[in-house]
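Listed here are the chains, written in short residue letters.
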Amino acid sequence: MTDGAHVATRPAARPREAATHCPYCALQCGMVLRETDRRTEVVPRQFPTNRGGLCQKGWTAAELLDHPDRLTTPLLRDRPGAELRPASWDDALDRVAAGIRATQHRYGRDAVAVFGGGGLTNEKAYALGKFARVALRTRHIDYNGRWCMSSAAAAGLRAFGVDRGLPFPVADLGRADTLLLVGANPAETMPPLMRHLADQQRRGGRLIVVDPRLTATARQADRHLQPLPGTDLAVANALLHVALTEGWIDRGYVADRTTGFDEVRRTVTGYWPAEVERLSGVPVADLEATARALATVDRAIILTARGAEQHAKGVDTVTAFINLALALGLPGRPGSGYGCLTGQGNGQGGREHGQKADQLPGYRRIDDPAAREHVARVWGVAAEDLPGPGVPAYALLDSLGTATGPRALLVFGSNPVVSAPRAARIESRLRDLDLLVVADFLRSETAELADVVLPVAQWAEEDGTMTNLEGRVLRRRALREPPPGVRTDLAVLAALAARLRGGAPSCRIPHNRGPFLTPVEGFAIDPRAVFAELRRASAGGPADYAGVSWERIERDEGVFWPCPDPDGPDTPRLFAESFPTPDGRARFRAVTHRPAAEPVCADYPLHFTTGRVLAQYQSGAQTRRVAALRRAAPGGFVELHPDLADRLGVAEGDEVRVVSRRGELRAPARLSPAIRPDTVFAPFHWPGAARANSVTNDAVDPVSGMPEFKICAVRVERA
Ligand code: SF4
C-alpha cells in the first residue's frame, strides 16, 4: 500500500526491504518493510498468525522511524528542576555510571534498580537481566510484563509446570468446535486474529465471549456472557459445577493425567448456578448452555486474557478456568486446550530470559541452586555472586526513593508514568529518586522526569528475535542502521558495563555493529552473539532455546520452544503425552471466589474498569504520535450506560470526573448500551487529566504481583 496512511516520507535512500514483524502486540503479524526513494512502506506478509492481515497500528508503524519527536542525542538534567539539555554520549554515560557508583557506595548494591519492558527483543531482555545481576549485582529488576501476563503465567506454572501463553499454534483456534474467550477483545487488540475466529464460526463452531462489555468481539459471538467485573472465577466454578452435575467430566483423563480433582469437585459443588447468577448477573441458562457447548464437542478451547487476569485474584481466576479445561480433558488433546492471549509484542520471550525479579534465563528460578550454577557458568561468574530474587514490579516502583527502596532506576522500554496502577503515586516515587535514567526513542512521560535520557534504536533498526503468543521464536530484521547519535540498547548496556568495571570508555565501542565483546568480558553488542549466549544459558531450562538458531527460524517460519536440540524437533503443541511436572501430571487446585479488593460503597457506588481501543497501544507513547491513529482515537473517554448517564444528568460528550480513593480522571462521556449500568470504562492510553491509571487500584495478586487494574470503586460526576 502506498497511500498516505501507510507510509512515512524520508530523505532519499537506497531501496531495500526487510521481511520482519510488527513492533507492537504479541500476534507479531508478518510484514515487509520496504524503503523506496522517499518513504518507508509497510506491506503485509503472509504469516501463520496474521495470514496477510494487519491492523491500523501495524500499517502505520513506519511513521515513527523518521518522526520529528525522535530522540537522536542524549539528554541530561543538570540539577532538579532544570530543563533536560542535549549532551554527548560520553557525558551521559559518565553521569549514569558515576550515579550508579555513588548510589551503590552509599546505600548498597540493591539501591540501584532496573525496569524493563515486554517489547524488548529476547536478546535485550536477556542482556538486561544479565546486566542487573552481573554488572550491577542488584536483586532489583522487574518489568512491565508483570502487569500483562503474570497471573496467567503463575497459574500455568502451578497447573502445568510451564508457562507458554498458547500451548498450541494460533491456527488451532479455527478448528475448535467451541471457543470460550474470557476477558479478551481481539477484535480491537489484535484484529487479524479474528480471521481464525471467523474460520471457526464458518466451520460451524461456536464462539462464546465472557466480558462485562458488549465489545466488538462479543458482538461477533454466538453467545455473550456479561458478568459483573471481578466475578469470572465464580462463573468458571459454576461451569464446572454444571459439568459435574451433568456427568460431563472426562474421568479417564482426570484419573490418568491429573492430581487434586477431589478437592476441586468438593469446592465447586457449592457453586450453584442460581447463586452465581445472583452474584455475577450471568443467567443460569447461559451458564448451562456454555458448559454444554464446551463439554459435548470433540474440540474445545478456553482462552483467558487481561479481563480475567488483571485482578488481585487473577491467578485463582485463571486457575478456575484451567480446572474446567482439565476436568473436560482438554489440555493436550488435538485441537483443544487452555491458553492465554499474551498482550505485549515480546510478552512471552520477555518473561523467559531474566527480566523477572525471580527468574534467570530459560525460565529458571533464581532461587534454584542448580539454575544459579548453570547460568553463572555461562556468565563466567561465581554462583554465590548472583543476587537473590527481587520484588514484583509494583512493589519495586512503590519503594523507589523511600528509606528502604532503591535510590536509582534504569528504565528500558517502559512508560510507568502512564501504565502503572495508582500512577500519581508512582510518578511521585520516580520524582523522589536520586537518579532516573530512561532509554527510549521518544520523550515518553517517564523520560520527561529523567535525569538522563539515552536515545536508542527502534525495531526496524536492529536485528533480533521475539517470541510470540504461541511460543514461536521469530526473527526481527533490521531495515537500516539507527540514525546518527542513536545506539542500540545492547550497546548502551555494554558501554555502561565497561564503565562500571573500569573498562574502556564507550567511544571505542562501535555503536551498533562491530566486535562482539566489549573490552570487559561478557556484554556483547551484536544481537546474534547475544542470542548464541542466550541459547547456552537457557539449555536444560523449561524454556529451552538451545536448538533454536536464526537460520532455523528463517527456514521454518519460526521455532516453537522448547527446542533443546539443533537437529531435533521443536514443540508446536505441548502436553500431548505428559505435563512438565515432577510426576508428569497436571495439578488441579481448588479456588474460591472473593470480592474485589475495593467493594463499591455509598461514596464510590460504581465499578470502574479499563482496557484498550483499536487505534492505540499500551501507554500510547508511540501510537499517540502517529497521525492516522491520533485521528482515529484522539483522546480518552469515559464509557457509560445511557441509564446511568441519565441518572447522573450526563449527556454524550459532557466532560465527567471519575473519582476513586486514589485520584481522578477527566474525559468526555461516551454513552453506550454495551456496558453494564453499574460499571464505567476508560481506555488507559492517555496521560494527564485523562490518565485512567490515576484511578486504578494498586492492590495486587499475592502470587503473581498483578495489580487489580480491572476493577475498583468510583463515583462519576459532571466536571
Ligand atoms: S498491533 Fe498486533 S494485530 Fe496489529 S498489526 Fe501489529 S501485531 Fe498485528
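Just so you know, these numbers come straight off a predicted model, no measurement behind them.

Participant: Before we go on, may I ask you to explain the overall build of the chain in this structure?
Facilitator: Assigned secondary structure in the chain consists of 24 helices and 29 strands. Oriented by its inertia axes, the alpha-carbon framework of the chain measures out at about 70 × 65 × 55 Å. Counting over 719 residues, the chain shows a buried share of 66%. Look at the contacts in the chain between residues 6 or more apart in sequence, and 73% of them connect residues 24 or more apart. Total accessible area on the chain is roughly 23900 Å²; 49% of this is exposed by carbon and sulfur atoms. Placing the 91 positive and 84 negative side-chain charges of the chain at their respective mean positions leaves the two points 2 Å apart.

Participant: Explain the pattern of salt bridges to me, please; I cannot follow it from the model alone.
Facilitator: Side chains that differ in sign of charge can pair as their charged atoms come close. One pass over the full model with this rule turns up 54 salt bridges. Note that Arg158 is salt-bridged to Asp316, the shortest N-O span being 2.8 Å. Residue Arg158 is located in helix α4 (residues 150-160), and its partner Asp316 is located in helix α14 (residues 314-327); the two are separated by 158 residues in the primary sequence. Residues joined by salt bridges that share partners form a network here, namely Glu655, Arg657, Glu664, Arg666, Arg715 and Glu717.

Participant: What is the right way to look at the sheet that holds strand β22 (residues 559-560) in this model?
Facilitator: Two modes of strand pairing occur in sheets, parallel and antiparallel, and in both the strands are linked by backbone hydrogen bonds. Spatial ordering of the open sheet is given by β20-β21-β22, a layout of three strands whose pairing is antiparallel. Of all the strands in the sheet, the pair left with one neighbour each is β20 (464-467) and β22. Where β20 lies against strand β21 (residues 472-476), four bridges are found, and the strand directions are antiparallel. By the bridge assignment for β21, Met466 is matched with Leu474. Each of β20 and β21 is contacted by helix α3 (residues 122-136), which is oriented at about 95° to β20, the strand it contacts most.

Participant: What is the right way to look at the nonpolar core in this model?
Facilitator: For soluble globular proteins, nonpolar side chains are generally found buried alongside one another. Ranked by size, the top nonpolar core spans 125 residues in total, and within it Phe131, Phe160, Leu180, Ile302, Tyr338 and Leu454 carry the most contacts. In terms of residue count, helix α8 (residues 232-245) provides more of this core than any other element does, 10 residues in total. Of all hydrophobic cores here, the second largest spans 74 residues; its members include Val42, Leu479, Val613 and Val626.

Participant: Sorry if this is basic, but what is going on with the site of the ligand here?
Facilitator: Every residue lining the ligand is accounted for by Cys22, Tyr24, Cys25, Gln28, Cys29, Leu54, Cys55, Lys57, Gly58, Met190 and Pro192. In terms of residue class, the shell around the ligand is built from eight nonpolar, two polar and one charged.

Participant: Teacher, can you tell me more about the packing of helix α2 (residues 89-107) against helix α20 (residues 489-500) here?
Facilitator: Helix packing for two helices is described by the angle between their axes and how far apart those axes are. Running from N to C, α2 and α20 point in directions that differ by 55°, and their axes come no closer than 10 Å. Relative to α20, α2 is oriented oblique. The chirality of how α2 crosses α20 is right-handed. Residue-level inspection shows Trp89, Asp90, Leu93, Asp94, Val96, Ala97, Ile100 and Arg101 of α2 in contact with α20, the latter providing Val492, Ala495, Leu496, Arg499 and Leu500. Looking at the contact of α2 with α20, its residues break down into nine nonpolar, no polar and four charged.

How each quantity is defined
Residues numbered from 1 in each chain as written. Predicted model: local features only at pLDDT ≥ 70, side-chain atom pairs only at ≥ 80, totals over all residues. Heavy atoms only, no water. Helix = DSSP H or I, 4+ residues; strand = E, 2+ residues; numbered from the N terminus. Buried < 20%, exposed > 50% of the residue type's maximum accessible area, 1.4 Å probe, protein only. Contact = heavy atoms within 4.5 Å. Areas by Shrake-Rupley, 256 points an atom, 1.4 Å probe, with all protein chains shown as cover. Lys, Arg positive; Asp, Glu negative; His and termini not counted. Charge placed at Lys NZ, Arg CZ, Asp CG, Glu CD. Salt bridge = Lys/Arg side-chain N within 4 Å of Asp/Glu carboxyl O. Pairing = 2+ DSSP bridges. Axes fitted to C-alpha atoms, helices over the stretch in contact; angles between N-to-C directions. Core = buried A, V, L, I, M, F, W, Y, C linked by side-chain atoms within 4.5 Å. Near = heavy atom within 4 Å. Nonpolar A, V, L, I, M, F, W, Y, C, P; charged D, E, K, R; others polar. Parallel < 35°, antiparallel > 145°, perpendicular 65-115°, else oblique. Left-handed = near helix turned anticlockwise from the far one by under 90°.

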